[in-house]
Amino acid sequence: MVSYKELGLVNTREMFAKAVKGGYAIPAFNFNNMEQLQAIIMAAAETKSPVILQVSKGARNYANSTLLRYMAEGAVAYAKELGWEHPQICLHLDHGDSFELCKDCVDMGFSSVMIDASSLPYEENIALSKKVADYAHQYDVTVEAELGVLAGVEDEVSAEESHYTRPEEVIDFSTRTGCDSLAISVGTSHGAYKFKPEQCTRDPKTGKLVPPPLAFDVLHEIEKKLPGFPIVLHGSSSVPQEYVDMCNQYGGNLPNAIGIPEEQLREAAKSAVCKINIDSDSRLAMTAAIRKHLAENPSHFDPRQYLKPAREEMKKMYIHKIVNVLGSDGKAE
Ligand SMILES: [Zn+2]
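Attention here is on the structure that accompanies the text. (Residues numbered from 1 in each chain as written. Predicted model: local features only at pLDDT ≥ 70, side-chain atom pairs only at ≥ 80, totals over all residues.)

**Describing the overall build of the protein chain**
Along its length, the protein chain carries twelve helices and 13 strands. Radius of gyration (C-alpha) of the protein chain: 19 Å, near the 20 Å computed for a compact globule of 333 residues. Overall, the C-alpha framework of the protein chain stretches about 60 × 50 × 35 Å when taken along its three principal axes. Counting across all 333 residues of the protein chain, residues that qualify as buried make up 50%. In the protein chain, once contacts between residues fewer than 6 apart in sequence are set aside, the share between residues at least 24 apart is 75%. (Helix = DSSP H or I, 4+ residues; strand = E, 2+ residues; numbered from the N terminus. Rg over C-alpha atoms; globule rule 2.2 N^0.38 Å. Buried ≥ 20, exposed ≤ 12 C-beta atoms within 10 Å, placed from the backbone. Contact = placed C-beta atoms within 7 Å.)

**Some words on the sheet that holds strand 2 (residues 51–56)**
The eight strands lie next to each other as 1-2-3-4-5-8-12-13, forming a closed barrel whose pairing is parallel. This sheet shows a mean twist of 25° between the axes of neighbouring strands, independent of strand direction. With three bridges connecting them, strand 3 (residues 89–96) and strand 4 (residues 112–115) associate as parallel partners. Its bridge partner lying in strand 4, H92 is registered against S112. Its contacts with the sheet put helix 12 (residues 303–326) on strand 1 (26–30) and strand 13 (273–278), and the angle it makes with strand 1 is roughly 150°. (Pairing = 2+ DSSP bridges. Axes fitted to C-alpha atoms, helices over the stretch in contact; angles between N-to-C directions.)

**With respect to the nonpolar core**
With 98 residues, the main nonpolar core has I40, L53 and V113 as its most contacted residues. Those residues in contact with L53, other than ones at most four positions away along the chain, are F29, F31, I40, A72, A75, I89, C90, L91 and H92. (Core = buried A, V, L, I, M, F, W, Y, C linked by C-beta atoms within 7 Å.)

**Describing the environment of D203**
Mapped onto the elements, D203 comes out in the loop between strand 10 (201–202) and strand 11 (209–210). What makes D203 exposed here is the crowd of 10 C-beta atoms within 10 Å. Not counting the four nearest positions on each side in its chain, D203 is found in contact with K208 and V210.

**Comments concerning unusual backbone geometry**
The phi dihedral of K48 is positive, around 50°, even though this residue is not glycine. Within the secondary structure layout, K48 lies in the loop between helix 2 (34–47) and strand 2. Positive phi is not limited to glycine here, since V239 has a value of about 50°. Mapped onto the elements of the fold, V239 is located in the loop between strand 12 (231–233) and helix 9 (241–249).

**Examining the environment of I184**
As for its position among the elements, I184 is in strand 8 (residues 181–184). Residues I184 and N61, spaced 123 residues apart in sequence, show a C-alpha to C-alpha distance of 26 Å. Residues in contact with I184, not counting those within four places in the same chain, are L147, G148, T165, I222 and I231.

**Section: the pairing of strand 13**
Extensive coverage of strand 13 is indicated by the burial of six of its six residues. Of the pairings in the sheet, the one linking strand 1 to strand 13 comprises four bridges and is parallel in character. In the sheet register, P27 faces strand 13, and the bridge partner there is I276. Note that strand 12 and strand 13 share three bridges and pair parallel. Residue I231 lies in a different strand from strand 13, and its bridge partner there is V273.

**Here's the deal with the packing of helix 6 (residues 122–137) against helix 7 (residues 170–177)**
For the pair helix 6 and helix 7, interaxial distance at closest approach is 8 Å and the crossing angle is 40°. The angle between helix 6 and helix 7 places the two elements in the oblique class. Residues I126, S129, K130 and A133 of helix 6 pack against F173, R176 and T177 of helix 7. In the contact of helix 6 with helix 7, the residues fall into three nonpolar, two polar and two charged. (Parallel < 35°, antiparallel > 145°, perpendicular 65-115°, else oblique. Nonpolar A, V, L, I, M, F, W, Y, C, P; charged D, E, K, R; others polar.)

**Thoughts on the pairing of strand 4**
Looking along a regular strand, one sees the side chains alternate between the two faces of the sheet. Burial along strand 4 is two-sided: the face carrying S112 and M114 and the face carrying V113 and I115 are both buried. Note: strand 4 against strand 5 (residues 142–147), four bridges, orientation parallel. Within strand 5, the position partnered with S112 by the bridge is T142. Remark: the strand 4/helix 6/strand 5 crossover connection has right-handed handedness. (Right-handed = clockwise from strand over helix to strand, strands pointing away.)

**Brief notes about helix 7**
Of all the residues in helix 7, the buried ones are V170, F173, S174 and T177. End-on, the buried residues of helix 7 take up no more than an arc of 90°, which puts them together on one face. Contact partners of the buried residues in helix 7: helix 6, strand 5, strand 8 and helix 8 (216–225). At the C-terminal side of helix 7, G178 shows a positive phi close to 75°. (Arc of directions from axis to C-beta.)

**Examining helix 5 (residues 99–107)**
When we look at burial in helix 5, the residues that qualify are C102, C105 and V106. The buried residues of helix 5 occupy an angular sector of 100° when projected down its axis, which confines them to one face. Close packing links the buried residues of helix 5 with strand 3, strand 4 and helix 6. One or two positions beyond helix 5, positive phi appears at G109, with a value near 105°.

**Quick word on the packing of helix 2 against helix 12**
Across the interface, helix 2 lies against helix 12 with an axial gap of 8 Å and an inter-helix angle of 40°. With respect to their mutual orientation, helix 2 and helix 12 come out oblique. Classified by chirality, the crossing of helix 12 by helix 2 is right-handed. Taken together, the residues of helix 12 that come into contact with helix 2 (itself represented by E35, Q36, Q38, A39, I40, M42, A43, E46 and T47) are L307, A310, R311, M314, K315, Y318, I319, I322 and V323. For the contact of helix 2 with helix 12, a count of residues per class yields eleven nonpolar, three polar and four charged. (Left-handed = near helix turned anticlockwise from the far one by under 90°.)

Scope: geometric values only; no functional claims are made or implied.
Next up, the structure:
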């Protein structure tokens, strides 16, 4: 048993309370390799933003769970080395799908876990989420649960169709599970293909596809039912067109990749939404930069030659999200 406190990590309780009050959101960035982690920590340290490092079940399988834990511990030391005196870094399990997986993460030094039982019937979702919360709270680890179903694919998580969270259920659900935050479904979805072109309208000026807006009416109803309670948005990459174009220009094939417009995320961050999950944008930034570098430098074969610009591109993207979308800069001096 390793406590996250020994690793210098923090849980989400205080960062969420401040974010809800302050009208901003904490970035939750997924990582599964060193370059992503370096870019996240450099961006958070430079902007003094609290940050949530997210690890999915797929990332654990990819990178090895022991290694990931030491990487998170290393991230705290690295942040201090970069001059961030009191780093607020949370290590969070993204989409835990069983009690055993959540328990394993709590026991291995995670400071926060998500139990995603949203595909189960309502009462079973409550029972499993409560079981995880009861266990995690013994060790002061915070728990995110999910109500409502998001469309799209993210590692193991996939659903054909989404259905919005029902505001009339949120009080009962949060009270009976004891969860610390609630992931809801209001129109975001996982992956880089969030909407089909036929779901979108076309901007007459730019000719670009515009996705349907998020269901802010549902979000505000949930806020009214649970005043001050931390709300989480999954699947909130904006899928920047410049990265999609860069991928396609240098040999990629990403037709009709569509994300959530940043203006809408900015608006959500001002509400009770205090954690915004971003994964695809990092994948796109990294791949776009690598494709460009290799296309322009066909003789290069040292991974550092193409991973360095990839890391720079991700760092730039993370800083942009922190400063211009979530508003969490300067909140962890
Ligand atoms: Zn998710």
